[in-house]
Amino acid sequence: MAVLDHTEHAGHPDLGNVRKIAMWAFLGSECLFFGTLISTFLLYHNTTGDGPTAKEIFSIPFTSVSSFVLLMSSLTMVLAHHAAGRKDWRQMRVWLLATAGLGLVFLSGQAYEFTTFVHEGLTVTTSPFGSAFFVLTSFHGGHVAIGVLMLLATTFMSFGGKLHEGQGMNVELVGLYWHFVDIVWIVIFTVVYLLQV
Amino acid sequence: MSEAIDRPHPTPRDYILIAVILFAITAAEVAVTYVDALDSARAPMLIVMSAAKFLLVVGWYMHLRFDRPAYRNLFLIGLVLTPVLFGAVLLSFGLLIGN
Amino acid sequence: MATLNPAVESATASHHGRKGVWSWMTTTDHKRIGLLYGVSSLLFFLVGGVEALLIRLQLAAADGTVLSADAYNQMFTMHATTMVFLVIMPAAAAFTNYLLPILLGARDVAFPRLNALSYWIYIFGGLFLTISFFVGGAPDGGWFGYAPLSTQVTEIVRMDYWALGVQILGLASLLSAINFITTVFTMRAPGMTLMRMPVFAWMATVVAFLLLFSLPIIAVGLFEVFLDRNLGTLFFDAAAGGTPLLWQHLFWLFGHPEVYILILPAMGIVSEVLPVFSRKPLFGRSFVIFSGIAIGFMGFGVWAHHMFVAGLGPVAEATFALTTMLIAVPTGVKIFNWIGTVWGGSVRLATPMLFSLGFIAMFVIGGLSGVTHSIVPSDTQQHDTYYIVAHFHYVLFGGAVFGLFGGIYYWWPKITGKLLNEGLGKLHFWLMLIGFNLTFAPMHILGLRGMPRRTYRYPKGLGFEFWNFIATVGSLTIAVSILIFLINAWRTKARGRVAGNDPWDGRTLEWSISSPPPEHNFDVVPVVHAEDDFWHRKYREDEEGRPVPIPGGGDPLVAGPDDPPIHLPSPSFYPILAAFGMFLTVLGLVYVPLGLVLAGVGVVTVVWGLFGWSMEPLTREEH
Ligand SMILES: [Cu+2]
């Protein structure tokens, strides 16, 4: 988030911005994190035991809508970044809040989906399929939730004049994280949902 | 601070255009899953479409196309390593063969 | 030292005399954090050493009675977990923290507070693992936590301590990896191109990348173990269709890169020490660097050689046999380069040099016994015997620990300002070398005779008694050598010879500044013109290529009145607060569901720490 450190104003324009390098390295690491979770799911996608299968339980129309919501949150995010680049703080706040709102809609969708699945007989303890599905999507949801908190914190901090100099970079970093969470969902939507029905 | 050294970014018009394309691909993906005739071609089609969405977001929304190569390389190592390693793991479980 | 620059004086004055526990708890100085890492890893080295001695005493004779089966299981699990995660990795982090910025000509790492956070998470993680001894028993399922053994017993919390402890230690390493990568990318002094970076800095970078890409894999695996134990998920439950083999893949996908995470820092240290004590540049420097990078990449492609008895099938076994043979090539390249460095040099056999030469010899033995594992039928025979124990101790003790001790003797004068006693140092080296070989060479024989690992006793008459007794004698010899090192360190504090800036006639930038270095490292940020820049400042070459001293060439650079002001990171309380919150969180998670209250308090503390962190002013008021 706003990990502002002294090096920022020392300025070492060698291979790029200090915090952006750190963020990209972190996202490179996150590829492996979600790769492991998705692979676990792929390993168990047919291991449903006595519980429901993917075909029986997934509702593609519903998930398509929440995927669409998350995709559009990437648009609002990039517009917030663009506004920050023009130092249009008011617009930036509007788009940041819109992004956080779309994130919350996605999370509510996930909560609804989980409840439905539990009612239909799929929990983490039903089958390895259930374990892998819930743990993967929960970790993704956790990332979305942290993203929403960061968006709100960035909006909140943009009111304090003191932090204005680092503002653009704050938004850019939150944006990178947010888009990454979105592309992970692009993969999950295809691999976990569409390919299994 | 980095805005000064970055090459020019796309405009909001480009961003909205990309969002429209992303929406269209997603719609196509969902449609494909409902067409029974496409049974054998479905998986490769879905993977190609999902990869296209992935690249659009990474390249434009995350500015990787316009930004310094160092960022791209850090991310690319992770991005390439993941399917290679787990492809091997899943292969050793016999999942990708004959499935 | 006369300083003309008011900026330097104010930087020195404002940070002068910061003493006491509080200043250490809030420090963001990479050198202090390096020292904290060093002292902590040394303390855990003693803990892990006592665990090893108990194991050896138990096995000294047939039908040993020192430890119960249960206590033995805890000892071998905690010995390995301690030595890997609480000793060798943080010892490498100590050197990297202390030296990386100085070697690059920088005044600190890219994120000083993140650096402090890494250290505090590490120390709380170590504490967390250690308190398990006092609350129902330490982890006892092996440092590799093989499922389903690690997931089955749900009524005892031991393996919860293991899964969560290793998890947060991994987080600490991940954060410092990101920090070091960013530092190398952005903080190098002018002229310090990537290829001019000292080899230790290069190896630290490769290690950071290995951590970055291997830790997330084990993180997921550890979560899955924890959830299987506490939430009833079925990841590794064979009865429900889960496969324990998945755990083996996830563990070794991390576990093999981990081997290089442990050994590459020592290789970096040796690559710094050998040229200095041979008075020659490192032979084939770029080959050493590129083979290090090659090891990093190939280290991700050999993990299944740990699983040859798991029934992977001939294709997978043949593939991983080949990659395992191939990875010996870049390692061999390094060994030839080290030998080439010493060859024809004017060699001084000071203690750091002895440890480095010991490293090469022992590591060659460990490497060769390692290549024998790439032959699948032979590996099947050796699997889970003492032959494996012998092999990896030659790599991790004969290799990593010897290299790290070489680094301790080499940089001790830089860090403390005093030279360790050479006589005691040499005694330490020879006793440790003899003790080490007495302990671990016999284990090759024991293993080939079929003595299994992780078995707490063996009956008479199987031919195991003699070599086990020798091994125990060897382990006590190692203990004596470590005692001599501690005495040496203690004596040096009071009576050590003052080192001066450059006691070894060094080649890299750390020797150009005072010992110990000032808090801001460099009065003037050096401009680098060559590899081994400091050497070229001190010496030019005559017609026959012999070094000729340049008068005054090694004098410290003095700041002029026009040099820019120096910014130093402010101390911060928030890293230790956030780390303490994580400690509370994992402690609470062990005792679900009641502990969730404590975990909640922990999460709130973490958020409090991070919030305070992000609101903290960037530098102190006077700047
Ligand atoms: Cu290995």
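Residues numbered from 1 in each chain as written. Chains lettered and ligands numbered in written order. Predicted model: local features only at pLDDT ≥ 70, side-chain atom pairs only at ≥ 80, totals over all residues. Heavy atoms only, no water.

### Here's the deal with the overall build of chain C
- Summing up its helical and strand segments, chain C has 20 helices and four strands in all.
- Relative to the globule expectation of 25 Å for 623 residues, the C-alpha radius of gyration of chain C, 25 Å, shows essentially globular dimensions.
- Dimensions of chain C along its principal axes, counting C-alpha atoms only, are 75 × 60 × 50 Å.
- Summed over its atoms, the accessible surface of chain C is roughly 22600 Å², and 72% of this surface lies on carbon and sulfur atoms.
- Each charge class in chain C was averaged separately, 34 positive and 37 negative side chains, and the resulting centres sit 7 Å apart. (Helix = DSSP H or I, 4+ residues; strand = E, 2+ residues; numbered from the N terminus. Rg over C-alpha atoms; globule rule 2.2 N^0.38 Å. Areas by Shrake-Rupley, 256 points an atom, 1.4 Å probe, with all protein chains shown as cover. Lys, Arg positive; Asp, Glu negative; His and termini not counted. Charge placed at Lys NZ, Arg CZ, Asp CG, Glu CD.)

### What to know about the packing of aromatic side chains
- Overall, the coordinates contain 77 aromatic pairs over all chains when judged by the stated rule.
- Look at Phe114(A) and Phe134(A): their rings are 5.0 Å apart centre to centre, the planes differ by 85°, and that puts the pair in the edge-to-face class. Residue Phe114(A) is located in helix α5 (residues 89-119), and its partner Phe134(A) is located in helix α6 (residues 128-157); the two are separated by 20 residues in the primary sequence.
- The aromatic ring of Trp24(C) is capped on one face by Arg32(C), whose charged end is 4.4 Å from the ring centroid. (Phe/Tyr/Trp six-rings, centres within 6.5 Å; stacked < 30°, edge-to-face > 60°. Lys NZ or Arg CZ within 6 Å of the ring centre and 35° of its normal.)

### What to know about the environment of Val78(A)
- If you trace the backbone, Val78(A) turns up in helix α4 (residues 60-85).
- Taking the C-alpha atoms as reference points, Val78(A) and Phe139(A), 61 residues apart in sequence, are found 24 Å from one another.
- Val78(A) has contacts with His179(A), Tyr15(B), Tyr61(B) and His63(B), leaving out every residue within four places of it along the chain. (Contact = heavy atoms within 4.5 Å.)

### Observations concerning the pattern of salt bridges
All names here are of chain C.
- Taken as a whole and assessed by the stated rule, the structure comprises 16 salt bridges over all chains.
- A salt bridge links Asp160 to Arg229, with the shortest nitrogen-to-oxygen separation between them at 2.8 Å. Within this pair, whereas Asp160 is found in helix α7 (residues 158-186), its partner Arg229 is found in helix α8 (residues 199-230), the two being separated by 69 residues in sequence.
- Overall, Asp160 belongs to the buried group, its relative accessible area being 1%.
- On the basis of relative accessibility, which here comes to 6%, the residue Arg229 falls in the buried class.
- Close ionic contact of Arg507 with Asp532 constitutes a salt bridge, the shortest N to O distance being 2.9 Å. Pair noted here: Arg507 is in the loop between β2 (497-498) and α18 (533-538) and Asp532 is in the loop between β2 and α18, with a separation of 25 residues, a long-range link. For the pair shown, Arg507 and Asp532 are each scored as buried.
- Linked by salt bridges that have partners in common, Arg279, Asp502, Asp505 and Lys538 make up one network. (Salt bridge = Lys/Arg side-chain N within 4 Å of Asp/Glu carboxyl O. Buried < 20%, exposed > 50% of the residue type's maximum accessible area, 1.4 Å probe, protein only.)

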